[in-house]
Amino acid sequence: MEKRYKILLAEDEAKLAKAIQDELIRVGYDVDVAENGLEADKMFMENDYSMALLDINLPGKNGMALCSDIRKRSTNIPIVMLTAVGEIHDKVAAFNMGADDYLVKPFHFDELFARLKVLFKRTDTVEKHEKLVYADLEIDFKLKSVVRSGICINLTSKEFTLLTLLVRTPERVISKQEILEKVWDLSFDTGTNTIEVYISFLRNKIDKPFSTKLIHTKPGFGYFIK
């Protein structure tokens, strides 16, 4: 492994935490383990991590709250939730908190490795392309910033990813299914209005303060930038 990735693992089941840590170290990752949410929060503040693996049912501070706080501090770090709960609404809640992926325990380590590889590849690819410009909108991947007409716009991780997806292929209509797959890593429609909500968030930040609107809807088909 050319690049050494450092992972924060927050898991209160000691035996499981040790097993995950050992396997990740075996394949080349550096891993710090936190036994509760408060400890994980403190460790994240004091160290530079490449990824966070968070159990949802953590003592002290649950994984959902921890995920939300980590995401507020870092828009680009991949976050994977680990839980014994596999309900759709729990997955959607995790994604809405800023998670990038979701694994239901028990899971095979090969599946975990595969998902981490995809997330790290995505992060590294983004970092290689420093800027994306369309009209008066500029996305800086290195700084994780968005500027329109010289005005800095603060976006969450999911808003940033969604905007990037739209801007990479201007004037191409992107379906809800494609957005689900590329922004939320879901291959199915959750039946919620999550995408509409996030498009609304983006419009309020990207379009509302400006005279020219960039984000458009093609009813029944999807969304596009123009």
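See the structure above.
Sequence order as written defines the numbering, with residues in each chain counted from 1. Since the coordinates come from a predicted model, pLDDT governs what is reported: local features require at least 70, and pairs of side-chain atoms require 80 or more to be given and counted, while whole-chain, interface and lining totals use all residues. Hydrogens are left out, water is left out, and the side-chain values use all remaining heavy atoms of the structure.

**Comments concerning unusual backbone geometry**
Our working definition: Labels follow the DSSP assignment, with helices taken as runs of H or I lasting at least four residues and strands as runs of E lasting at least two, numbered in each case from the N terminus.
With omega at 0°, the peptide bond leading from Lys-105 into Pro-106 counts as cis. Position of Pro-106 relative to the elements: it lies in the loop between β5 (101-104) and α5 (109-128). The backbone phi angle of Ser-149 is positive, close to 50°, even though this residue is not glycine. Following the sequence through the fold, Ser-149 ends up in the loop between β8 (145-148) and β9 (151-153).

**Quick word on the side chain of Asp-41**
Which entries qualify depends on this criterion: Per-residue accessibility, obtained with a 1.4 Å probe over protein chains only, is compared with the maximum for each type, and a residue is labelled buried under 20%, exposed over 50%, and partly exposed between these values. Note on definitions: a residue-residue contact is assigned when non-hydrogen atoms from the two residues lie within 4.5 Å.
Structurally, Asp-41 is set in helix α2 (residues 37-46). Among the residues examined, Asp-41 registers a relative accessible area of 13% and is labelled buried. The contacts of Asp-41, once residues within four sequence positions are left out, are Lys-61, Leu-66 and Arg-73.

**Regarding the sheet that holds strand β6 (residues 131-134)**
Put simply, the rule is: If DSSP finds at least two bridges between two strands, the strands pair. Axes here refer to lines fitted to C-alpha atoms; in helices the fit is confined to the stretch in contact. Angles between the N-to-C directions go from 0 to 180 degrees.
Read from one edge of the open sheet, four strands run β6-β7-β8-β9, paired in antiparallel fashion. Single-partner strands in this sheet number two, and they are β6 and β9. Shown here is a sheet whose adjacent strand axes are inclined to one another by a mean of 20°, direction ignored. Looking at chain direction, β6 and strand β7 (residues 137-140) are connected through four bridges and run antiparallel.

**Focus: helix α8 (residues 194-207)**
This is how it is decided: Multiplying one less than the number of residues by 1.5 Å gives the expected span of a helix. In this description, one arc is meant: the one made by directions from the helix axis to the C-beta atoms.
Taking 1.5 Å of rise per residue, the 14 residues of α8 would be expected to cover 20 Å, and the 19 Å separating its terminal C-alpha atoms lies within 8% of that figure. Taken residue by residue, α8 has Thr-194, Ile-195, Tyr-198, Ile-199, Leu-202, Ile-206 and Asp-207 as its buried positions. The buried residues of α8 occupy one face: seen down the axis, they fall within an arc of 150°.

**Things to note about the packing of α2 against helix α3 (residues 63-73)**
The condition that has to hold: By definition in this entry, angles of less than 35 degrees are roughly parallel, angles greater than 145 are roughly antiparallel, angles of 65 to 115 are roughly perpendicular, and the rest are oblique. Residues were grouped as follows: Ala, Val, Leu, Ile, Met, Phe, Trp, Tyr, Cys and Pro as nonpolar; Asp, Glu, Lys and Arg as charged; and all remaining residues, including Gly, as polar.
Where α2 contacts α3, the axes come no closer than 10 Å and their chain directions differ by 10°. When the axes of α2 and α3 are compared, the pair comes out roughly parallel. Contact residues: α2 offers Gly-37, Ala-40, Asp-41, Phe-44 and Met-45, while α3 offers Leu-66, Ile-70 and Arg-73. Looking at the contact of α2 with α3 residue by residue, the class counts come to five nonpolar, one polar and two charged.

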